[in-house]
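Architecture and fold: a report
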Amino acid sequence: MSIKRGKIIRLTLSYLVVLAAITIVIYPILWVIGSSLNPGDSLTSSTIIPEHATLQHYKELFTKTQYLTWYWNTLKICISTMVLAVIFIGLTAYAFSRYRFFGRKNGLLLFLVLQMIPQFVAILAIYILANLVGLLDTHFGLVLVYVGGLIPMNTWLAKGYFDTIPRELDESARIDGAGHFRIFWQIILPLAKPILAVVALFSFISPFADFILASILLQSDEKKTLAVGLFNMVSDEFGNSFTLFAAGSVLIAVPIGLLFLSLQRFFVSGLTAGGTKG
């Protein structure tokens, strides 16, 4: 009886912890959605369940602001960052995992140190370098900065996954006459889809969440990202469009949610299982 009671207590505590975690995550989201549907501009009069819900703020986003321009700029930067990051991180992690070359250990150690340093610490150097090479106030320059910042941490992450892929597959393909690139493209890459999906999601989300780098490197109004544009709504001297800001924040979750749903099947896939013959 005591064993059964102990199981019930542990199960109850587990449900309470999960419920608390869900509440912590869901409650702010509900407040943002509720604020975006409340009439008026102030958050003080907003409620989580609006009495007179309206879609006026969503309409104003597309008619009175440059929200579509900001959205397009952000999507362009995010997609470019994701594609380039997956390519460079995949190749770099494969090289560190499969090859032995001079400076390999020092390179991995350097990546480990670099991932501990936030990018904004080097913002002055990044600004000067972007200005010298003519990439200041360009989306391409911002994409390169994002990709460079993503490589160290994600290379370690992807390398750890590549290490779990049996080397016997490489050796078998090499005996059959396959070259390095063919082994990577036709054998390793399909098995590495789960980790590359994680890298792709992280790479896509990072530019959405960044404000500091985008506000420093992008100076033209027509090149602003969502983070910078939405911040200006509430940071100006007479800016008090908090409910409009909330509406813009809600729409940011759409592409991230769609990407997560399209990649989630890779997050739990054990594609390396059965990679070698039993």
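So, here's what we can say about the structure. Just so it is clear, the structure is predicted and the values come from calculations on it, not from any experiment. (Residues numbered from 1 in each chain as written. Predicted model: local features only at pLDDT ≥ 70, side-chain atom pairs only at ≥ 80, totals over all residues. Heavy atoms only, no water.)

Notes on the overall build of the protein
A tally of helices and strands in the protein yields twelve helices and zero strands. Listing every helix and strand of the protein by position from the N terminus yields α-α-α-α-α-α-α-α-α-α-α-α. Residues classed as buried in the protein amount to 36% of the 278 residues present. Put simply, 74% of the contacts in the protein that link residues at least 6 apart link residues at least 24 apart. Accessible surface computed for the protein: about 16,600 Å², of which carbon and sulfur atoms make up 70%. The averaged location of the 14 negative side-chain charges in the protein is 17 Å from the averaged location of its 20 positive side-chain charges. (Helix = DSSP H or I, 4+ residues; strand = E, 2+ residues; numbered from the N terminus. Buried < 20%, exposed > 50% of the residue type's maximum accessible area, 1.4 Å probe, protein only. Contact = heavy atoms within 4.5 Å. Areas by Shrake-Rupley, 256 points an atom, 1.4 Å probe, with all protein chains shown as cover. Lys, Arg positive; Asp, Glu negative; His and termini not counted. Charge placed at Lys NZ, Arg CZ, Asp CG, Glu CD.)

A short note on helix α2 (residues 56–63)
Residues of α2 that are buried include every one of His57, Tyr58, Glu60 and Leu61, and no others. Looking straight down α2, one finds its buried side chains confined to an arc of 160°; they lie on one side. Of the exposed residues in α2, those oriented more than 90 degrees away from the buried face are Lys59 and Thr63. (Arc of directions from axis to C-beta.)

Here we look at the packing of helix α4 (residues 104–114) against helix α6 (residues 139–164)
For the pair α4 and α6, interaxial distance at closest approach is 7 Å and the crossing angle is 120°. Here α6 runs oblique to α4, going by the angle between their axes. Pair α4 / α6 crosses with left-handed handedness. Together, Arg104, Leu108, Phe111, Leu112 and Leu114 of α4 and Ile151, Pro152, Thr155, Trp156 and Lys159 of α6 make up the contact between the two elements. Tallied by class, the residues present in the contact of α4 with α6 amount to seven nonpolar, one polar and two charged. (Axes fitted to C-alpha atoms, helices over the stretch in contact; angles between N-to-C directions. Parallel < 35°, antiparallel > 145°, perpendicular 65-115°, else oblique. Left-handed = near helix turned anticlockwise from the far one by under 90°. Nonpolar A, V, L, I, M, F, W, Y, C, P; charged D, E, K, R; others polar.)

Observations concerning the pattern of salt bridges
Counting across every chain of the model gives four salt bridges. Note that Glu60 and Lys64 form a salt bridge whose closest N and O atoms lie 4.0 Å from each other. Overall, the relative accessible area of 16% leaves Glu60 in the buried class. Note that Lys159 is salt-bridged to Asp163, the shortest N-O span being 2.7 Å. Placement of the pair is Lys159 and Asp163 together in helix α6, with a separation of four residues, close to one helical turn. (Salt bridge = Lys/Arg side-chain N within 4 Å of Asp/Glu carboxyl O.)

Quick word on the side chain of Glu60
Here Glu60 shows up in helix α2. Excluding residues within four positions of it along the chain, Glu60 makes contact with Thr65 and Leu244.

Description of the packing of aromatic side chains
Summed over the entire model, instances satisfying the criterion amount to ten aromatic pairs. With a centroid separation of 5.5 Å and 65° between ring planes, the pair formed by Tyr67 and Tyr71 is classed as edge-to-face. Residue Tyr67 and its partner Tyr71 are located together in helix α3 (residues 67–98), separated by four residues, close to a single helical turn. With respect to burial, Tyr67 and Tyr71 carry one shared label: buried. (Phe/Tyr/Trp six-rings, centres within 6.5 Å; stacked < 30°, edge-to-face > 60°.)

Overview of the packing of helix α7 (residues 167–175) against helix α8 (residues 180–191)
Closest axis-to-axis distance for the α7/α8 pair is 10 Å, and the angle between their directions is 140°. With respect to α8, the element α7 is oriented oblique. As for how α7 packs across α8, the hand of that crossing is right-handed. On the side of α7, the interface is formed by Leu169, Asp170, Ala173 and Arg174, while α8 contributes His180, Ile183, Ile187, Ile188 and Leu191.

Some thoughts on unusual backbone geometry
The phi dihedral of Asp137 is positive, around 65°, even though this residue is not glycine. With respect to the helices and strands, Asp137 occurs in the loop between α5 (123–132) and α6. The class of Asp137 is buried, set by a relative accessible area of 14%.

Quick look at the side chain of Thr243
With respect to the helices and strands, Thr243 occurs in helix α12 (residues 242–267). You can call Thr243 buried: its relative accessible area is 0%.

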